[in-house]
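# Structural characterization, general
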Amino acid sequence: MSTYLSYFFVSWLNIKLLLLIAAGTFSGIYVGAIPGLSVTMAVSLLISFTFSWEVNEALALMVGIYCGGVYGGSRSAILLNIPGAPAAIATAFDGFPLAKKGEAGVAIGLTTVISVVGGLIGIVFLSIGGPLISEFSLKFAPRDYMLMAVMGILLVGCLSGKSIYKGIFAGSLGIILGLIGMDPLTGQGRFTFGSVQLMGGIHYVVAMIGLFGVSEALSQIRNAGVTPVQQKIDRIIPPWKWIIEHLPLAIKSSVIGVFIGSLPGTGGDIAALLAYGYAKRSIKNPSVPFGEGAYEGLVAPESANNAAIGGAYIPMLTLGIPGDAVTAVMIGALFIHGLKPGPMLMIETPHLFWFIVGSLVLANVFLLIFGLTGIRIFTRMIELPKGILIPMIIVLSVVGTYSIHNNLMEVWWMLGIGTLGYILRTYGFQMGPIVLGMILGPLLDMSYRRAMMTVRNQPLEFIWDLLRNPISLILSAAILVMILAQTPLPERWANYWNSKKHSKGMDDGATNDDDL
Amino acid sequence: MKKTPQDMQPAETFVVLLMLVVSIGVLIVSAGIAGFSSLSSPGTFPIFVSVVLIFACVMILRENARYKALPSYSRFEEIRMALKNLFSPTTVFFILLMAAYGYFLEVAGFLAATLIFLWIAMIFLKGTTPLHATWISVLSVTVVYVVFRHIFLVLLP
């Protein structure tokens, strides 16, 4: 126990790590708040800048950015009615009406405190659930990892967009991009078209920067001329009574947030919307009606999206399956530092798990400090015109890409992948599954081929292996259910059962009438 | 979240058809890696993934075909709409500007190329006036240079 505590406090006692988390959280608030900059984009860029650093230092900065970024999105949602991040969409519903009433300061203050409460609840769940799930996942065979990877890509595809098939396409495209280069088992080139440059493959960080940086910047060009409305800020610290009053709702919403966040592929955005829906249904007498500036409408999504951070780390650290786009990028960061997220991470490097937990708590402490100070300067910063922001994103993307291998060819690939990402994004394809496919694709390929070699290329034996092992069977069934859930079959079954129930009710009614 | 006709972009069918063609191309290339020699050959998994790509494209087309509320256009009109939707004059200019930036990085070096890129892009995207763009560009390049070259210790192009 004392060993774990010492790991937990590493970032608290090391001044450099402490400052990095503080800097990360501070800049994360701005990254999250400035519409057009996203946490995923920032973390993707940071990987390229920090991959020569010590792993703890790189993680400290990224953890800070992640926590600050999720919270920061709420600020522009309240002040400008433009959610800085998808996780803050629900916050704008009541946040902006509050700002219009001149209560922006208190709204931001309450949001800050509640976000920290949500964040801490998420971390408690992570520290209890993480080791338990990790122990269980030790029973997984290589084919189960293959199934988990398929499930992760499918879940991201299903839940992050409106069409599962677009999600499947994006995930598969990512896998193909990830397979470009020399086959690690035979040394044969795949999708290289005879190019020596492509034999080394396309680094996933290059693709990530293109997909989250350049494609986002190109999409932002569509509304580059929009000027934000300036808000007046008076009081910031919320009354203590208010916090106590809203605490039960914050706790309930946080539990929703942790659960949704811990599902592979779902993040703070879905958690916040679900928590908002829950608050709307369960609170009969809000301070003012929802949508017109109800404080309950701020508390529910903000506690849920911050709690989802802790939840998202659970599948990432214990199974190696990312909980959302940011943790997908973080998996990439861990790979770069020679670490393999999954059940063995807790056994081989338990210090890393507890270091992340400790850093997350610290990031929440800094969130409280930075969240309640400097709001007036902040309102000026987030009004930065997109015409200035977009060129800056491109410059940072170029610097980030070049820093990986000091290769200008990779800068061209990044720009090309970014433009392709822009086309796909415009037509409703999500970037998350592509990145996930690129990271998990090569692993999926290797686990599949190894599993096939062990059964001497006998497909029936492979299927039998899936059926006779309980974990593989459950995972295969889950994948099957996920695919079937997206087909018209469930709707047809529901209609069939409803009509059957209805006709039975009619028959019963008729019998009762006859009795009378 | 169910898809509604409003979620469809102009000329989406054309773009998905294009993706279908690319996916078929990927399948052909995958089949050429190692043929069908064995189930664990380097080409088997890419073949499987490219079949999934084709399947996904077909299903998207099927999904979109349900929304007959949208008027149907000729193929030529669809291409025109897709290009208009994706590449407005601003977007095209910006993509060309990015490409020029990439080229001048090699020719003129990071500092000069970035300074010129930022200045033109900021004015073009109506971010600020030419005078303001000048000092913002100079300040940005200085900050990027100091932070990345001296703090993050990364090499610049």
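See the structure above.
In this text the structure is predicted, and so the values were computed from the model without any measurement. (Residues numbered from 1 in each chain as written. Chains lettered and ligands numbered in written order. Predicted model: local features only at pLDDT ≥ 70, side-chain atom pairs only at ≥ 80, totals over all residues. Heavy atoms only, no water.)

### Considerations on the overall build of chain B
We apply this condition: Strands are runs of DSSP state E lasting at least 2 residues, helices are runs of H or I lasting at least 4, and numbering of each runs from the N terminus. We compute the radius of gyration from the C-alpha atoms alone; for a globule the expected value is 2.2 Å times N to the 0.38, where N is the number of residues. Under the scheme applied here, a residue whose accessible area is under 20% of the maximum for its type counts as buried, over 50% as exposed, and between as partly exposed, the area being computed with a 1.4 Å probe on protein chains only. The contact criterion used throughout is that any non-hydrogen atoms of two residues lie within 4.5 Å. Surface exposure here means Shrake-Rupley accessible area, sampled with a 1.4 Å probe, where a residue is shielded only by the protein chains that are shown. His is not counted here, nor are the chain ends, while Lys and Arg score as positive and Asp and Glu score as negative. One atom stands in for each charge, and that atom is NZ of Lys, CZ of Arg, CG of Asp or CD of Glu.
Tallying secondary structure elements over chain B gives six helices and zero strands in all. Walking chain B from its N terminus toward its C terminus, one meets helices and strands in the order α-α-α-α-α-α. In summary, chain B has a C-alpha radius of gyration of 23 Å against a globular reference of 15 Å for 157 residues, an excess of more than 25%. Each principal axis of the C-alpha distribution contributes one length, and for chain B these read about 55 × 45 × 30 Å. In chain B, buried positions account for 43% of the 157 residues. Sequence-distant contacts, at least 24 apart, represent 54% of the contacts inside chain B between residues at least 6 apart. Approximately 8,500 Å² of chain B is accessible, and the part contributed by carbon and sulfur atoms is 74%. Within chain B, one finds 10 positive and 6 negative side-chain charges whose respective centroids are separated by 3 Å.

### A few points about the overall build of chain A
What chain A contains, in helices and strands, is 24 helices and two strands. Here chain A holds 516 residues, and the buried ones make up 61% of them. By sequence separation, contacts in chain A at least 24 residues apart represent 79% of the contacts at least 6 residues apart. Surface exposure of chain A reaches about 20,200 Å², of which carbon and sulfur atoms provide 67%.

### Some details on the interface of chain B and chain A
Heads up, the condition is: Buried area, as used here, totals the accessible surface that two parts lose on assembly, with accessibility defined by a 1.4 Å probe and the loss added over both. One side-chain nitrogen of Lys or Arg within 4 Å of one carboxyl oxygen of Asp or Glu is enough to make a salt bridge. Definition of a polar contact: a pair of N or O atoms within 3.5 Å, with one able to donate and the other able to accept a hydrogen when the atoms are protein atoms, and with sequence-neighbouring residues admitted only if both atoms are side-chain atoms. We call Asp, Glu, Lys and Arg charged. Ala, Val, Leu, Ile, Met, Phe, Trp, Tyr, Cys and Pro are nonpolar, and the rest, Gly among them, are polar.
Facing the 66 residues of chain B at the interface are 64 residues of chain A. Interface area for chain B against chain A, summed over the two sides, is near 5,600 Å², with a carbon-plus-sulfur share of 78%. Area buried by chain B at its contact with chain A is led by B:L39, B:F45 and B:F152, which between them contribute 12% of it. If you look at where chain B meets chain A, you find one salt bridge. Its salt-bridge partner being B:E12, residue A:K166 comes within 2.7 Å of it at the nearest N-O pair. Counting across the interface, chain B meets chain A through eight residue pairs in polar contact (both at pLDDT 80 or more). Listed by contribution, the elements that provide at least two residues to the side of chain B that touches chain A are α1 (12–34), α2 (44–65), α3 (75–86), α4 (89–108), α5 (110–124) and α6 (130–151) of chain B. Counting residues per element, the side of chain B that touches chain A draws most heavily on α2(B), which supplies twelve residues. For the side of chain B that touches chain A, a count of residues per class yields 45 nonpolar, 15 polar and six charged.

### Looking at the nonpolar core
Threshold: In plain words, nonpolar cores are sets of buried Ala, Val, Leu, Ile, Met, Phe, Trp, Tyr and Cys residues tied together by side-chain atoms within 4.5 Å.
Ranked by size, the top nonpolar core spans 172 residues in total, and within it A:F169, A:Y313 and B:F94 carry the most contacts. Those residues in contact with A:F169 that sit more than four places away from it in its chain are A:L424, A:F429, B:M19, B:S23, B:L53, B:A56, B:C57 and B:I60. Residues A:A104, A:F290, A:V299 and A:L367 belong to the second largest nonpolar core, which totals 36 residues.

### Examining the side chain of A:T349
All names here are of chain A. Mapped onto the elements of the fold, T349 is located in the loop between α16 (343–348) and α17 (350–371). With relative accessibility at 14%, the residue T349 sits in the buried group. Setting aside chain neighbours within four positions, we find T349 in contact with L339 and M344.

### Concerning the side chain of A:T401
All names here are of chain A. Relative to the helices and strands, T401 resides in helix α19 (residues 386–405). Classification of T401 by relative accessible area gives buried; the value is 0%. Within the local environment of T401, its side chain forms a polar contact with the backbone oxygen of S397, the two atoms lying 2.7 Å apart. Apart from the residues lying within four places of it in its own chain, the contact partners of T401 are V206, I209, E410, V411 and M414.

### Considerations on the pattern of salt bridges
All names here are of chain A. Tallied over the full model, the rule gives nine salt bridges over all chains. A salt bridge links E216 to R425; the shortest N-O distance between them is 2.9 Å. Residue E216 is found in helix α11 (residues 204–220), and its partner R425 is found in helix α20 (residues 408–426); the two are separated by 209 residues along the sequence. Here E216 falls in the buried class, since its relative accessible area comes to 15%. Classification of R425 by relative accessible area gives partly exposed; the value is 24%. The salt bridge partner of E461 is R456, with a shortest N-O separation of 3.5 Å. Relative accessible area serves as the criterion here: at 29%, E461 is assigned to the partly exposed category. With a relative accessible area of 57%, R456 lands in the exposed category. Shared partners join several salt bridges into a network, and the residues in it are D183, R190, D445 and R449.

### Topic: the environment of A:I78
Residue and element names in this part refer to chain A. Topologically, I78 is positioned in helix α5 (residues 55–80). For I78, a relative accessible area of 0% gives the class buried. Placed 29 residues apart in sequence, I78 and A107 show a C-alpha to C-alpha distance of 7.7 Å. Excluding residues that lie within four positions of it along the chain, I78 makes contacts with T91, G95, F96, A99, A104, A107, I108, T111 and L298.

### A word on the packing of aromatic side chains
Heads up, the rule is: Planes of paired rings set the category: under 30 degrees apart is stacked, over 60 is edge-to-face and the rest tilted, where pairs are Phe, Tyr or Trp rings (Trp by its six-membered ring) whose centres lie within 6.5 Å. Our definition puts a charge over a ring when NZ of Lys or CZ of Arg is within 6 Å of the ring centre and also within 35 degrees of the ring normal.
Tallying each qualifying case throughout the model produces 21 aromatic pairs over all chains. For the ring pair A:Y496 and A:W497, a centre distance of 5.9 Å and an interplane angle of 70° mean the geometry is edge-to-face. Look at B:F94 and B:F117: their rings are 6.1 Å apart centre to centre, the planes differ by 55°, and that puts the pair in the tilted class. Of this pair, B:F94 sits in helix α4 while B:F117 sits in helix α5, and the two are 23 residues apart along the sequence. Residue classification places B:F94 among the buried residues on the basis of a relative accessible area of 0%. For B:F117, a relative accessible area of 3% puts it in the buried group. The residue whose ring lies beneath A:K166 is A:F429, and the NZ or CZ to ring-centre distance is 5.4 Å.

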